[in-house]
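Take a look at the letters that make up each chain.
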Amino acid sequence: MKHRIMLRIGPASFRIGSAWRQPIADLARLYAAYPQPVDGVADFTVRLEPTRPWRRFIRPSVFIGGDHMLADAAPMALAHGLLAAEMGMNMQMALGWRRHVLLHASCVEKDGKALVMTGESGSGKSTLAAQLGERGWRLMGDEFALLEPETGGVFAFPRLVSLKNQAIGVMQREAPEGRFGPLMRDTPKGDIRHLAPGAEAVARMDEGAMPALLLFPRFGFAPDIREVGQGEAFMRLTQASTNYVTLGEAGFSALTRFVTGVPARAIDFDSGETAIGMIDRLWAELA
Amino acid sequence: MSGALLVAVLRNPAEAADLVPAEWNALIAAARAERLIGTLAVLLQDIAVPTSISPILTDARGEAEREKRQALWEADRAAAAMASCGVPVILLKGTAYAAAGLRAGEGRFIGDLDILVPRDRLADVEAAILGAGWEWVKPDPYDDDYYRRWMHELPPMIHKERDRMIDIHHTVLPLTARQTPDAAAMIANAIAIGHGLHMLSAEDRICHAAAHLIADGDLAGGLRNLWDIHCLCGEAAAVDEGFFLSLFERAAAHGLTDPVWRALRLAHRLYATPVTAYRSPISVDYSLRGGDRFFIARLLARDGWGRESRKLLRFAFFVRSHWLRMPPMMLARHLWTKWRKGHRPA
């Protein structure tokens, strides 16, 4: 394809081609510190193509293609091209990754131990991870945590943090402007701005960590902490995993080990500061 | 063109040793797009590949194993469901190859479960399958009516718990197609493969595959289907010296001489399938004939990013697939109906 880039994010590598220059230029800037795939061979191909030949020029419309595709994926505006590229990479992982149990979760690390946070879109897990990443924790990822069946360790997938709506303002106060992507208004998920992880997150992306605490954050409620039993944690993790069913017995064993070894709490919070206070307390107590 | 690269490596896996990274990327993308990645991974199992390629191929082999397990379980469930009506389960395509341990099944992507049943027992089978948890997929009455009047299979059904599709065939090609293969003879000659399952005879397997590749459909997934034919031929010919004679005999009986012959010419050209030429009692050679080059160009229409190329040729084959299936007036009526319902060719 005319415009292209290759990059490696943790254990997965991508080859991204685009009919337009801008999405690749944005990727090149924000992923500048990232390594190239080993041997120049990528695990996955992502394509940003016009939905119809003329839609490359007239009212450009981006279809997200690649090795793994969803037939009914909605086309996107070229102004949201960076988001399309990120969605394309996520789609490859969600549909094609088999080397780890893929948990739809954010993840940060301290002292070699990992804090895993999972919840629905809007739960605040992404923003919390990004905030912790600026406050002494190592950001491992805001979208996927990769659980290794053989060791029970968690591996990082530190792609760009996807900040939505109010979270954009929150993080603009914490991270330097140079690490932000373009502000994309009125995407299917509202306003979105991407934030490149800090230098340490990128430099140590290949380091795994043993999970020490599992949290189910929920933003917009009166502060509260609730214990989560192993059964409930297991069920919620199966729902948060894109490849649990596919991995079969390996997935079952990995999640069983995870919930029997890692304490789990649900936390409700109404501000980032409250949540971070809770996390510090729980971490000192349980991890 | 990466279609050609994929074919070259399938034909001679040792060629993979010399690939540069850009070629690997193109090969993997094309193999995934053609759903041949599992097959490729099995063929490259004992070839030295770059360290970054090994995990990709290992994943693909694992995925193919999973597909196979799932497909065999579906076949088992269908057999259990149909036990009550006393109709034998004759497996077609991927599931048959996997269940019988044929080379064509190694690493093969397996989609739906396809079975063949006698047309006069269709109502019993339909009732048995519906009673065991499968449900109709197509809610559109036009589609349902179309299948029942003109197609070689019932409208697809999906299992409500396992989410897997079953296609129940009662003959080989749509009822409107020009050829009318003898499905009753295929059923009569089917072979038991254990666990209450059956598959077509070696000759009929190829007749069936060639009919679908050449005389039906638009060659989407054609490289995979041609690879099936390549493997089926190689395996059958290895144990039966006169195999191609009996194949042409069966093909003639089904009215499928032309599609089978063309499929063998294409397989021989692209995959170096070992075929036998004859002077007598029939005269058969495998040099390319008029029109074959369009089929080859269409089969190889895949670029290094896994994209479909040669859009015009693809469209021509799409039109051809409909032309083969229906007389002109019926085709016009069908396309008009589908167009009004908002369907557009890709």
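Residues numbered from 1 in each chain as written. Chains lettered and ligands numbered in written order. Predicted model: local features only at pLDDT ≥ 70, side-chain atom pairs only at ≥ 80, totals over all residues. Heavy atoms only, no water.

Draft legend 1. A look at the packing of aromatic side chains. Residue and element names in this part refer to chain A. If you walk through the whole model with that rule in mind, you get 14 aromatic pairs over all chains. When the ring of Phe234 is compared with that of Phe252, the centres are 5.6 Å apart and the planes differ by 70°; the resulting orientation is edge-to-face. A residue pair is termed long-range when its members are at least 10 positions apart, and Phe234 in helix α6 (residues 230-240) and Phe252 in helix α8 (residues 249-261) qualify at 18 residues. With relative accessibility at 14%, the residue Phe234 sits in the buried group. (Phe/Tyr/Trp six-rings, centres within 6.5 Å; stacked < 30°, edge-to-face > 60°. Helix = DSSP H or I, 4+ residues; strand = E, 2+ residues; numbered from the N terminus. Buried < 20%, exposed > 50% of the residue type's maximum accessible area, 1.4 Å probe, protein only.)

Draft legend 2. Region of interest: the nonpolar core. Residues and elements named next belong to chain B. Ile168 and Leu264 are the most contacted members of the largest nonpolar core, which totals 101 residues. Element by element, the count of residues in this core is highest for helix α4 (residues 53-82), at 9 residues. Once residues lying within four places of it in the same chain are set aside, the contact partners of Ile168 are Ile115, Val117, Leu122, Val125, Ile129, His152, Glu153, Leu154 and Met157. (Core = buried A, V, L, I, M, F, W, Y, C linked by side-chain atoms within 4.5 Å. Contact = heavy atoms within 4.5 Å.)

Draft legend 3. Spatial organisation of the packing of α6 of chain A against α8 of chain A. All names here are of chain A. Between α6 and α8, whose axes approach to 9 Å, the crossing angle comes to 135°. Put simply, α6 runs oblique to α8. For the pair α6 and α8, the sense of crossing is right-handed. Between α6 and α8, the contacting residues are Gln230, Ala233, Phe234, Leu237 and Thr238 on the first element and Phe252, Leu255, Thr256, Phe258, Val259 and Thr260 on the second. Residue classes in the contact of α6 with α8 are distributed as 7 nonpolar, 4 polar and no charged. (Axes fitted to C-alpha atoms, helices over the stretch in contact; angles between N-to-C directions. Parallel < 35°, antiparallel > 145°, perpendicular 65-115°, else oblique. Left-handed = near helix turned anticlockwise from the far one by under 90°. Nonpolar A, V, L, I, M, F, W, Y, C, P; charged D, E, K, R; others polar.)

Draft legend 4. Spotlight on unusual backbone geometry. Pro281 of chain B follows Ser280 of chain B through a cis peptide bond whose omega is 5°. Mapping Pro281 of chain B onto the fold places it in the loop between α12 (257-271) and α13 (292-299). Phi is positive for Asn165 of chain A, which is not a glycine, with a value near 50°. Inspection of the secondary structure assignment puts Asn165 of chain A in the loop between β11 (161-164) and α4 (166-172). For Asn165 of chain A, a relative accessible area of 36% gives the class partly exposed.

Draft legend 5. Representation of the pattern of salt bridges. Enumeration according to the criterion identifies 39 salt bridges over all chains in this entry. The salt bridge partner of Glu34 of chain B is Arg302 of chain B, with a shortest N-O separation of 3.0 Å. Here Glu34 of chain B, found in the loop between α2 (21-33) and α3 (37-43), pairs with Arg302 of chain B, found in the loop between α13 and α14 (311-325); they are 268 residues apart in sequence, far enough to count as distant. In this structure Arg302 of chain B comes out as buried when scored by relative accessible area, which is 10%. Via salt bridges that share partners, Glu109, Arg138, Glu200, Arg204 and Glu207 of chain A belong to a single interconnected network. (Salt bridge = Lys/Arg side-chain N within 4 Å of Asp/Glu carboxyl O.)

Draft legend 6. Layout of helix α6 (residues 122-131) of chain B. Residue and element names in this part refer to chain B. For α6, the set of buried residues is Leu122, Val125, Glu126, Ala128 and Ile129. Buried residues in α6, looked at end-on, bunch into an arc of 165°, giving them a common side. Exposed residues on α6 whose side chains face more than 90 degrees from its buried face are Ala123 and Gly131. The elements touched by buried residues of α6 are α4, β3 (134-136), α7 (141-150), β4 (157-159) and β5 (165-169). Gly133 occupies a position one or two residues after α6 and carries a positive phi of about 105°. (Arc of directions from axis to C-beta.)

Draft legend 7. How the structure looks around the packing of helix α9 (residues 202-214) of chain B against α12 of chain B. Residue and element names in this part refer to chain B. Viewed as axis vectors pointing N to C, α9 and α12 meet at an angle of 85°, and their least axial separation amounts to 8 Å. If you check the angle between α9 and α12, you find them roughly perpendicular. Here Cys207, Ala210 and Ile214 of α9 come into contact with α12, specifically with Pro259, Val260, Arg262, Ala263 and Leu266. Tallied by class, the residues present in the contact of α9 with α12 amount to 7 nonpolar, no polar and 1 charged.

Draft legend 8. Region of the structure containing the interface of chain B and chain A. Listed per partner, the contact involves 20 residues of chain B and 23 residues of chain A. Across the chain B/chain A interface, buried area totals approximately 1,800 Å², and carbon plus sulfur atoms make up 49% of it. By the criterion of area lost to chain A, the three top residues of chain B are Asn25, Arg32 and Trp305 of chain B, representing 40% of everything that side buries. Note that Arg99 of chain A is salt-bridged to Asp59 of chain B, the shortest N-O span being 2.8 Å. At the boundary of chain B and chain A, one finds 10 residue pairs in polar contact (both at pLDDT 80 or more). Looking at the side of chain B that touches chain A, the elements that each hand over two or more residues are α2 and α4 of chain B. (Buried area = accessible area lost by both parts, 1.4 Å probe. Polar contact = N/O pair within 3.5 Å; in protein donor to acceptor, adjacent residues only side chain to side chain.)

Draft legend 9. Focus on the sheet that holds strand β4 (residues 61-66) of chain A. Residues and elements named next belong to chain A. What the 5 strands build is an open sheet, ordered β1-β2-β3-β4-β5; its pairing is mixed. Only two strands of the sheet have a single partner each, and these edge strands are β1 (3-9) and β5 (76-77). Where strand β3 (residues 44-50) meets β4, 5 bridges bridge the pair, whose relative direction is antiparallel. For Pro50, the partnering residue across the bridge sits in β4 and is Val62. Helix-sheet contacts for helix α1 (residues 21-30) involve β1, β2 (12-18) and β3, and the interaxial angle to β1 is about 30°. (Pairing = 2+ DSSP bridges.)

Draft legend 10. Looking closely at the pairing of β1 of chain A. Residues and elements named next belong to chain A. β1 sits mainly inside the fold: 6 of its 7 residues count as buried. Where β1 and β2 come together, 7 bridges link them in antiparallel fashion. Bridging from a neighbouring strand, Arg4 pairs with Gly17 of β2. In textbook terms, the turn of a hairpin is the stretch between consecutive antiparallel strands, and for β1 and β2 this stretch comprises 2 residues, one of which, Gly10, has a positive phi near 60°.

Draft legend 11. Summary view of the pairing of strand β2 (residues 113-116) of chain B. Residues and elements named next belong to chain B. Here β2 shows no split at all, with Leu113 and Ile115 on one side and Asp114 and Leu116 on the other all buried. Of the strand pairs in this sheet, strand β1 (residues 89-91) and β2 are connected by 2 bridges, and their pairing is antiparallel. Bridging from a neighbouring strand, Leu91 pairs with Ile115 of β2. Across 4 bridges, the pairing between β2 and β5 is parallel. Opposite Asp114, over in β5, you have Asp167 as the bridge partner.

Draft legend 12. Seen up close, the sheet that holds β11 of chain A. All names here are of chain A. With antiparallel pairing, the 3 strands of this open sheet are ordered in space as β11-β13-β12. The open sheet has two free edges, formed respectively by β11 and β12 (184-187), since each of these has just one partner strand. Direction aside, neighbouring strands of the sheet carry axes that sit 35° apart on average. Sheet analysis places β12 next to strand β13 (residues 190-195), joined by 2 bridges and oriented antiparallel. Following the sheet pairing, Met184 is matched in β13 by Ile192. Helix-sheet contacts for helix α2 (residues 81-96) involve β12 and β13, and the interaxial angle to β13 is about 70°.

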